[in-house]
Every structure is written in C-alpha cells, then in structure tokens.
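Okay, here's what each chain looks like letter by letter:
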Amino acid sequence: MFNLTDCIGFITKKASKEITDVFNQRLKKEDISYAKWTALFFLGEDESLSQRELADKMNTKESSVARLLDRMEKENLCQREKDLEDRRVMHIALTAKGHEKREALLPIGSQFHQDATQDISQEDLDVFKAVLEKMVDNLTNK
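These figures come from a predicted structure and were not determined experimentally. (Residues numbered from 1 in each chain as written. Predicted model: local features only at pLDDT ≥ 70, side-chain atom pairs only at ≥ 80, totals over all residues. Heavy atoms only, no water.)

Student: How would you explain the overall build of the protein if you had to name every residue and give the values?
Tutor: Counting secondary structure elements, the protein contains 6 helices and 3 strands. Principal-axis analysis of the C-alpha atoms gives the protein an extent of 55 × 40 × 25 Å. Restricting to contacts in the protein with at least 6 residues of sequence separation, those with at least 24 account for 45%. Put simply, the protein shows about 10,500 Å² of open surface, and 52% of that area lies on carbon and sulfur atoms. In the protein, which carries 23 positive and 27 negative side-chain charges, the distance between the mean positions of the two groups comes to 7 Å. (Helix = DSSP H or I, 4+ residues; strand = E, 2+ residues; numbered from the N terminus. Contact = heavy atoms within 4.5 Å. Areas by Shrake-Rupley, 256 points an atom, 1.4 Å probe, with all protein chains shown as cover. Lys, Arg positive; Asp, Glu negative; His and termini not counted. Charge placed at Lys NZ, Arg CZ, Asp CG, Glu CD.)

Student: Describe in detail the UniProt feature "domain: HTH marR-type" (unreviewed entry) in the protein, supporting the description with residues and values.
Tutor: The UniProt feature table records "domain: HTH marR-type" (unreviewed entry) at residues 1–137. Taken end to end, residues 1–137 has its terminal C-alpha atoms 25 Å apart, with 67% of it in helix and 9% in strand. (UniProt positions renumbered as here; feature names shortened; annotations may be inferred.)

Student: Lay out the packing of helix H2 (residues 34–45) against helix H4 (residues 62–74) in plain terms, naming residues and giving numbers.
Tutor: Running from N to C, H2 and H4 cross one another at 80°; their axes reach a closest spacing of 11 Å. Taken together, the axis directions place H2 and H4 in an arrangement best described as roughly perpendicular. Residue-level contacts link Ala 35, Lys 36, Ala 39, Leu 40 and Leu 43 of H2 to Leu 68, Leu 69 and Met 72 of H4. Class assignment of the residues belonging to the contact of H2 with H4 gives a composition of 7 nonpolar, no polar and 1 charged. (Axes fitted to C-alpha atoms, helices over the stretch in contact; angles between N-to-C directions. Parallel < 35°, antiparallel > 145°, perpendicular 65-115°, else oblique. Nonpolar A, V, L, I, M, F, W, Y, C, P; charged D, E, K, R; others polar.)

Student: Now, about the packing of aromatic side chains: what can you tell me, with residues and values included?
Tutor: Applying the stated criterion to the full structure yields 5 aromatic pairs. A ring pair is formed by Phe 23 and Phe 112, whose centres lie 4.6 Å apart and whose planes are at 40°; its orientation type is tilted. Here Phe 23, found in helix H1 (residues 8–28), pairs with Phe 112, found in helix H5 (residues 96–117); they are 89 residues apart in sequence, far enough to count as distant. A relative accessible area of 5% means that Phe 23 is categorised as buried. (Phe/Tyr/Trp six-rings, centres within 6.5 Å; stacked < 30°, edge-to-face > 60°. Buried < 20%, exposed > 50% of the residue type's maximum accessible area, 1.4 Å probe, protein only.)

Student: I'd like a rundown of the sheet that holds strand S2 (residues 78–82), residues and numbers included.
Tutor: The sheet built from 3 strands is open, its strands ordered S1-S3-S2 with antiparallel pairing. The two strands at the open ends of the sheet, each matched to only one other strand, are strand S1 (49–50) and S2. On the sheet, H2 packs against S1, S2 and strand S3 (90–94) and is oriented at approximately 95° with respect to S3. (Pairing = 2+ DSSP bridges.)

Student: Which residues make up H5, and what values do they have?
Tutor: An ideal rise of 1.5 Å per residue puts 32 Å on 22 residues; H5 measures up with 32 Å between its terminal C-alpha atoms. Buried within H5 we find Gly 98, Arg 102, Leu 105, Ile 108, Gly 109, Phe 112 and Thr 117. Residues of H5 that are buried make contact with H1, H2, S3 and helix H6 (122–140). Remark: Asp 119 follows H5 within two positions and exhibits a positive phi of approximately 65°. (Expected span 1.5 Å × (residues − 1).)

Student: Describe the pattern of salt bridges, and please don't skip the residues or the numbers.
Tutor: Oppositely charged side chains are able to pair whenever their charged atoms sit close together. Summed over the entire model, instances satisfying the criterion amount to 9 salt bridges. Linked through salt bridges whose partners overlap, the residues forming this network are Asp 70, Glu 73 and Arg 80. (Salt bridge = Lys/Arg side-chain N within 4 Å of Asp/Glu carboxyl O.)

Student: Just give me the short version of unusual backbone geometry, but keep the residues and values in it.
Tutor: Of note in the backbone geometry, Asn 59 takes a positive phi value of approximately 60° without being a glycine. Summarising the element assignment, Asn 59 is placed in the loop between helix H3 (51–58) and H4. The backbone phi angle of Asp 119 is positive, close to 65°, even though this residue is not glycine. Take Asp 119: it is sitting in the loop between H5 and H6. On the accessibility criterion, Asp 119 (82% relative accessible area) is exposed.

Here it is as structure tokens:
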C-alpha cells in the first residue's frame, strides 16, 4: 500500500525545505536572501549572463529573476545591458560591489556545505547525486 512518508517526492521535498531553511538562517545574518545569494554565485561564475540563462541556472521563472534583478540593481550589486544584436535580450553582470559581496559570502556557502556533508564519504555523496540525477531522468524522459 502507498505511504506518502515513504514516497521519494515527499522525502526530497521535506529534506530540501529543511536544508534551505537552515541555509537561509545563516544568510539572514548577512542580510541577504537565498535568491540573491544564488544569483550572486552564478553571475560571478560568468562575465555576463542573460536573464533567461540566469533563470535556468537558478531553476526559477524568468519573471522572478527580473524582479530580483530590479532589487539587486537598486543595491548596486549588478547591472543590466541590452544586447547589441537583440534588444529584447538583457545581459547581467556583477558590479564591483556585487563581486565584493559574492566573495564575502562564498565562505558561508563553503562552511554550510561542509557542515551538511560532514561524516559522509565522497563516495556516498557521489552515489547520492547519481541516484537523484537518475530519478529526475526517469521522470523527465518518459
């Protein structure tokens, strides 16, 4: 018989929420949201991303990213520039202040990862990631 508490969807949703809540608590001390942290992280990996590319990397809607970028621009963390070939496309890049904020926050992300994965072998982490990827593949490629 089906038991919701044994369902992988329920288990992963609950775990994801609990993990994200703890990370948000740590970020709150730095006066930053999880969404801003994620945007800063991905924007710092590339010189420039389009809103669509950033939304894809953040696994969120482009409209949500647009509102987030509005707030980040007001805080001088990023800037938008229109694409020279397609004016509908906006490219986003971190400002100097954005790069500084990102660098200041990276140790928090690193420490969080270390805390979450302590006493778990790299082999187990690799298996965990592979199993999750296979489950997603099973569900999205049918």
